Amino acid sequence: MKLYSDRGNPHLLRILAAKNLAGVPLTVQYIKYEDKSKFHYPGNSKLPVLETEGGNLLHTPNSICRYLLELNRSSNEVPDPNKEAIIDQWVEWESVSLQPVLFSHLVLSIGLGRGDSGHVEDLINLLRHADEALSSHKFFSGDQLGLADVVLWGSLHPLFIKDSGFSDPQISNITSWHDQLMSQDVFCKSASEVTESKGISAFKDSLLAMSGTQAPPSSKPQETKAKQSPKGPQPSQQENRNGALSEEASQTKVCSKEEMDEAVKSWNNGSKNRPKTRRLVDPILPIAGEKNILITSALPYVNNVPHLGNIIGCVLSADVFARFCRLRQYNTLYICGTDEYGTATETKALEEGLTPQQICDKYFKLHKEVYDWFKIKFDYFGRTTTQEQTEIAQDIFWRLHKKDHLVEDTLEQLQCVECKRFLADRFVEGFCPFCNYEDARGDQCDACGKLINAIELKKPRCKVCGGTPKVRSSKHLFLNLTKLEPSLQSWVDKSSSEGTWSANARHITRAWVQEGLRPRCITRDLKWGTPVPLEGYTDKVFYVWFDAPIGYLSITANYTKEWEKWWKNPQQVSLYQFMAKDNVPFHTVVFPCTLIGADDNYSLLNSISATEYLNYEEDKFSKSRGVGVFGNDAAETGIPADIWRFYLLYVRPENQDSAFSWTDFITRNNSELLNNFGNFVNRALMFVHNNYGGAIPAMELTEEDKNFIALINKELKTYIDDLEKMRLREGLKDVLNMSKYGNQYIQSNKPWVLVKGNESERSRAGTVLGVASNLSWLLSVLIHPYMPSVSEDIQRQLQVTDEGNVVLDNFIPYLQPGHKIGTPKPLFEKIDLSLADELRAKYGGNKQKQQAADDQSTNATNENTADTDVATLQVEITKQGEKVRKLKTEKAEKETVDAEVATLLALKKTLAVAEGKNPNEQDTKGKKKGKKK
Amino acid sequence: MAAVLCVNGCTEIENLLSFCEIPRDRIRVEEAEEFLSHKGPSLTLSSGQTVTGVQTVAAYLSTISKQKLLGSSALERAQVDQWLEYWQIQLESYLNDGTLIKGALRDLDKFLSRMVYLVSNQLSLADIMLYYALHPVMLELSIQEKEQLVNLSRWFNQVQYYPGVRQYLPEVSFLRNMLYS
Amino acid sequence: MAGTLYTYPDNFRAYKILIAAEYSGAKITLPPFKLGETNQTAEFLKKFPLGKVPAFETQDGKCIYESNAIAYYVSSDQLRGKSPLEGALIQQYVNFADQELLPAVATWVFPTLGLMQYNKQATDKAMEDIKKFLTVLNNALLTRTFLVGERVTLADIALACNLLMLYKQVMDPSFRAPFSNVNRWFLTIVNQPQFKKILGDVKLCEAMAKFDAKKYAELHPKTDEKKEKKAKAAKEEKPKQEKKQKPKKEEEEDDIPTEPKSKDPYAGLPKSSFDMDEFKRTFSNKDTATVAIPYFWEHFNKEDYSVWLAEYLDDKDLKMIFMACNLVGGMFQRIEKLRKTAFASVGIFGVDNNASISGIWICRTQELCFNLNTDWNIDSPSYKFTKLDVDKAEHKKLINEYLLWEGDFGGKTFNQGKIFK
């Protein structure tokens, strides 16, 4: 039989005592705490673990003790149920009631060296309860020593060790019981085996390790008040405990010793080696031996006014990533531009009475302005209507032609008799031949997503004039995807396994290839486009989907003559592409086929991040119907660009569709930004400003600080990993977690109290503030990809330049003691929730405008009441609560109850907002689990 | 002399008592005047002492019943104990938190892929008590979820059909035909 | 429910009966039993005409054979199934166990026990079939704890017993790894107290057993006729008799696909001075009284051959003469193989509704030829055989009478006769 344990594990006390008492042969094997994961069983895994002869595992200390003592029991002995019951009771009490409190106490007092663990009072009450039992019996197990005593001795012994700092005069029975046991060899020997004469500190490492993984002892079992399932001999302490511990302080996460050591090491290192960012100079070109990151965002079609969905799907996402890469000191180039060729522009030109070129110029400017407002930092934002585009596209074309990847064929196309033009796919609508969706466009069906050729549409109609187009034949060129399929497949396999592909990109690509690739038409009978140079086709242009991705290359060519160093250099360049999911096939199938076929060592896609759809409120963005926020609308709201950036990234539809909601938008601003992030930074800096003359104080790190730094490091690691893998939304949450920890850190240390105390207390407060201020600096760097202006703002308040803008792997004290900061002021402003209704109405589309107007008037009255009368709200809530309770006891219809509950929750949310609290944190307490009937 | 049991609203103990079919001369049920929800079941032994604690009371009932519910070896007894501890300390807290319970169900499902009973090869107190504890959760699972937790469902179904276990609890239905895979 | 079960020890077909009895509480007595002997006695054969085991006799004397039927009888209602549907499903599995699974199990496992010759093709196919069957079971047991219903039934018992050999002998950990549900079910089942009592500890196979050539050679020595003729004749006869017991075991397994070897017990015997063939020619062509009989007495070698008087036991069942005739004719047809070494002259006596059959049989060796090979044992149990002493006068007379088809035959009226040659 083998017992696996880490050294100094307090549970060893009782197990060794049981073993010695039973005289059972048992070898103890000491392992590292992390190795516990090799043992598998339901529940939180922890050490020690007993492995019996037959390979069975016992993993709770009490069951191990029971087993060992049972082995010793002779087989003739029939256990007396009464005696067993007494023993069982104490064993149960120990594990269910005593252990949770005792463990927390030991972790905080021995593990973290905190003087007051906050649990002492509860502990004393529990012990007094046990003490009483010993007044009538010599041992807990009855008249003789038994399992209960072994278990309780193991549990309580640490309290009796010298330097434990625990003493209470009123548990005399326990004290003498303990003394009695210690006089026995069995217990004495077991104790010294575990402590190895290190005294109380022997348990430190193990306690810290265990608490990192243990279900937070003070949170879950206690937070649920009025839990009706019984917990054994339990004084009503259970309920009191909930109130006593403040939510923040009790949830201190604990890191392992290794993590803490590493944290301190890098902290000390960092203060000597402060980072300096490298500024890249135009033209940015790949550097041998470095990470060269080429980032593209899908080229927005010039004719469409971008809405929030487009922005988050493409340019904004790529921007965050690009900024992050630069902070990581990667050699980064971010390219984008407008996609300008195609019939849409031609048509629009006619409508507005301008030339296509003029249209493009006009709208290009519009795009640029919007993106500038959103602070998208392209290295170059170009357009597809350039000479370089024609050159490169034709060059690729000729290469494809020479290598026999093109096929000629006659196409039937729809020509609108009225307009006398061949209708581009965009200008034909009809019934989808696959799914019968009535609004399928001529190139792709919105409903089922399948690509179609316009002539396949059933009942086609010309979008411009409404007439029924006729089918005409015309010669066209096709890119033979079928021939390229094997090369494509092996490239897909390689790229998707080596790079980071978002799941939807994988699925879409796989589905496409599985269906089998057919030759794709790459020419069109149009005027406005890149001309086809081949004899017999010179009156045609390239189909926009063939032509547009080549735009990436030509736009880069416009940026630098040495564009080929980026685009024909797959060995040294990593290409990251951002887009919405409907663009995926073109980037993972069609375009790679084009480049593979052209065979000129092109840099192909390495990683792809494709977003799902962003919906608007309960609807879809629609310019024609006026639904949603477009172009300049965002700027017009008066809400700063950074807040917009924040929210769009917060709801970035990474794994599934998400929706833009005004209420949510404003709520997040008020809660996450204002109350969490902004609050932390402001608090820390205000304190330094007011109490330390604006100078960063000296920092002498205690165990708790080291733990905190380690915690931040952990989160930082996650942040880096998330962003490297383009999980932008997760990365943002990591930053918010860090500021949350920051808040907890300040809250639990209570510097406002310390600063009024003695010298050592003041200096303690100084350390805390110093660390907090440095965290603020770290946050300013980490938030930079998301909210560049906020980042600048923080740094201005900290009186540092952006020179230090480097995302290091560890948290370091960039701000040294003595560094003078500026005047702190709040980073964010509260936005009134009523604005949400206004704005929703404004951008809600034509039909909604009327309804909104109606709602407006009623809302206005409601709002006023809500705003001014918190008390009234509270009355409402109480009334509603009564209603709900009544319905529940009457066992009313589920729907009715649900509806009333919803109303209640809504009222509560309003109250919360009115009080300035986070409306979402209301209902976690007091959620009762219904009693099983 | 019979021991006196005060159930105090603990339905698991109530059901267990019926299942164990303990003769009247060994146990007598009396209810306290007031319903003290946090107190849990208690047992006044023939020696006069009173013990409390749901695990303790359950073990006592098992010992004096005809059924062999505590395993047939020292190891099995310890394993039953271990499950009861898991129930009281971890499962109870998970049951109140929707996010954690799913993880616990998955853990159990994995464990039950190679076991028919929680302890060794016979029905034990561990199976019974965990059945009672998980009953409300299982009742609420969708067909798809039950299918994903195929081993847990199999175990649960088997226990609920064991004569005397289910008592008046509603039956949780399981489909044999997999609809989703 | 109680009764007596006749079986040799460790008969896997008997396990399921005993386990079912453990569940139902039926009392079963196991009398001492010797395979080949106990089940060959006339008494036994009267109760169980096939002479196979396990065979069961109830307390009040009713006889049941076929292990599944016996198991059914000794079971409780729970084991049998509480509804027609449950009963049917249980039957489904019981039949599956014997008709589908068992042949494959036997093909794979028996060579490893030396009971059968190894045939790679057959074994490979058997392994594939087993995989197929286990997959079917594995899928069924994904959502079920037991095969039928929620408690142990005959289905579980029967299937587990048939799978026993697989798990113990040939299914090593890697082979059985994909069938985790079957493994789980099997281990739980065989560890139930009722199973443990009968089966003991079931240790799962660690390494796949292979064809045990040595064991096989022991049990089925190679008979090379060229070598062992004269000198080893006597020595071989003895071992051959003992080995007959083992082939008998195979008889129980009537679903083995390969043919059990029918050995010729006379193979390898030295040529006798009494030339049977010559005698038969003489008997056929020459006059019986004047030539054949004298020839017989002149050449007959009583060491090498023996003469037996056969008397049909169920004369009252004979009814018509022609029916008796057919009976004898049928018997002759069934012992074709004996034509080389045996000779018989059988007479039908009496009249319709009052007939009898008796005759003489001349067999090689001192043993009654019918007992030397089970194939020959079909009709002979219906006769009483008495060895005749050729030196005794009265026996001599009898022999002559039967050869001649004339005489008083001890008071019987000869009707017609049949010759086996």
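The rules behind the values
- Residues numbered from 1 in each chain as written.
- Chains lettered and ligands numbered in written order.
- Predicted model: local features only at pLDDT ≥ 70, side-chain atom pairs only at ≥ 80, totals over all residues.
- Helix = DSSP H or I, 4+ residues; strand = E, 2+ residues; numbered from the N terminus.
- Buried ≥ 20, exposed ≤ 12 C-beta atoms within 10 Å, placed from the backbone.
- Contact = placed C-beta atoms within 7 Å.
- Nonpolar A, V, L, I, M, F, W, Y, C, P; charged D, E, K, R; others polar.
- Pairing = 2+ DSSP bridges.
- Axes fitted to C-alpha atoms, helices over the stretch in contact; angles between N-to-C directions.
- Parallel < 35°, antiparallel > 145°, perpendicular 65-115°, else oblique.
- Left-handed = near helix turned anticlockwise from the far one by under 90°.
- Right-handed = clockwise from strand over helix to strand, strands pointing away.
- Expected span 1.5 Å × (residues − 1).
- pLDDT = per-residue confidence, 0-100.

Another point: the overall build of chain C. On a plain count of helices and strands, chain C comes out with 17 helices and nine strands. Classification of the 421 residues of chain C by burial places 32% in the buried group.

Of the regular secondary structure elements, chain A holds 35 helices and 20 strands. Counting all 933 residues of chain A, 47% fall into the buried class. Counted over contacts in chain A with a minimum sequence separation of 6, partners at least 24 positions apart contribute 76%.

This paragraph deals with the interface of chain C and chain B. On the chain B side, the residues contacting the 10 residues of chain C number 12 residues. Partitioning the side of chain C that touches chain B into residue classes produces one nonpolar, six polar and three charged.

Here we come to the sheet that holds strand β9 (residues 421-422) of chain A. As summarised here, the arrangement of the four strands in space is β9-β8-β13-β14 (chain A), forming an open sheet in which the pairing is antiparallel. Edge positions in the sheet fall to β9 and β14 (520-521) of chain A, since each has one partner strand and no second.

The subject of this paragraph is the packing of helix α15 (residues 288-299) of chain C against helix α17 (residues 393-404) of chain C. Residues and elements named next belong to chain C. For the pair α15 and α17, interaxial distance at closest approach is 11 Å and the crossing angle is 130°. Of the possible angle classes, the one that applies to α15 and α17 is oblique. Classified by chirality, the crossing of α17 by α15 is right-handed. Between α15 and α17, the residues in contact are T288, A289, A292 and I293 and N400, L403 and L404, respectively. Across the contact of α15 with α17, the residue classes break down as five nonpolar, two polar and no charged.

With that out of the way, let us pick up the sheet that holds strand β1 (residues 2-6) of chain C. All names here are of chain C. Taken in spatial order, the four strands make up an open sheet running β2-β1-β3-β4, and their pairing is mixed. In the strand order of this sheet, the two ends are held by β2 (27-29) and β4 (63-65), each with one partner. Taken pair by pair, the neighbouring strands of this sheet meet at an average axis angle of 25°, ignoring direction.

What follows concerns the packing of helix α27 (residues 703-724) of chain A against helix α28 (residues 728-749) of chain A. All names here are of chain A. For the pair α27 and α28, the least separation of the axes is 8 Å and the interaxial angle reads 170°. The angle between α27 and α28 places the two elements in the roughly antiparallel class. Contacts between α27 and α28 involve F708, L711, I712, E715, T718, Y719, D722 and L723 on the former and, on the latter, L728, E730, G731, D734, V735, N737, M738, Y741 and Y745. Looking at the contact of α27 with α28 residue by residue, the class counts come to 10 nonpolar, three polar and four charged.

Another aspect to go through is the environment of L147 of chain C. All names here are of chain C. Secondary-structure assignment places L147 in the loop between α6 (120-140) and α7 (154-170). For L147 and L89, which are 58 residues apart along the polypeptide, the C-alpha to C-alpha distance reads 8.7 Å. Not counting residues up to four positions away in its chain, the partners in contact with L147 are Y93, A140, T153, A155, D156 and L159.

Residues and elements named next belong to chain A. Here strand β17 (residues 573-580) lies mainly inside the structure; seven of its eight residues are buried. With six bridges connecting them, strand β5 (residues 292-297) and β17 associate as parallel partners. Bridge pairing links I295 to Y576 in β17. Of the pairings in the sheet, the one linking β17 to strand β18 (residues 605-611) comprises six bridges and is parallel in character. Within β18, the residue paired with Y576 across the bridge is S607. In terms of handedness, the path from β17 via helix α23 (residues 584-598) over to β18 forms a crossover that is right-handed.

As a further point, take α28 of chain A. Between its terminal C-alpha atoms α28 of chain A stretches 32 Å, which fits the 32 Å expected from 22 residues at 1.5 Å a residue. Positive backbone phi, at 45°, marks K750 of chain A, one or two positions downstream of α28 of chain A.

With that settled, consider the environment of I130 of chain C. Residues and elements named next belong to chain C. Mapped onto the secondary structure, I130 falls in helix α6. For the pair formed by I130 and E100, sequence separation is 30 residues and the distance between their alpha carbons is 9.1 Å. Beyond its immediate stretch of four places on either side in the chain, I130 contacts A104, V105, W108 and L166.

This part takes up unusual backbone geometry. Look at the link from D282 of chain A to P283 of chain A: it is a cis peptide, with omega at -10°. Omega for the peptide link from V53 of chain C to P54 of chain C comes to 10°, which places this bond in the cis form. Take P54 of chain C: it is sitting in the loop between α2 (42-47) and β3 (55-58). Of note, K375 of chain A is a non-glycine position whose phi angle comes to about 60°, a positive value. Along the chain, the position of K375 of chain A falls in the loop between α16 (356-373) and β7 (380-383). Assessed through the 17 C-beta atoms surrounding it within 10 Å, K375 of chain A is described here as partly exposed. Although it is not a glycine, D404 of chain A adopts a positive phi angle of roughly 65°.

All names here are of chain C. Confidence in the prediction for chain C averages 82 pLDDT; 89% of positions are at 70 or higher. When mean pLDDT is compared element by element in chain C, helix α9 (residues 180-190) scores highest at 93, while helix α13 (residues 245-252) scores lowest at 40. Below pLDDT 50 for its whole length, residues 224-261 participates in 37 contacts with residues either more than four positions away or in separate chains. Model confidence for the complex is summarised by a pTM of 0.49, with the ipTM given as 0.89.

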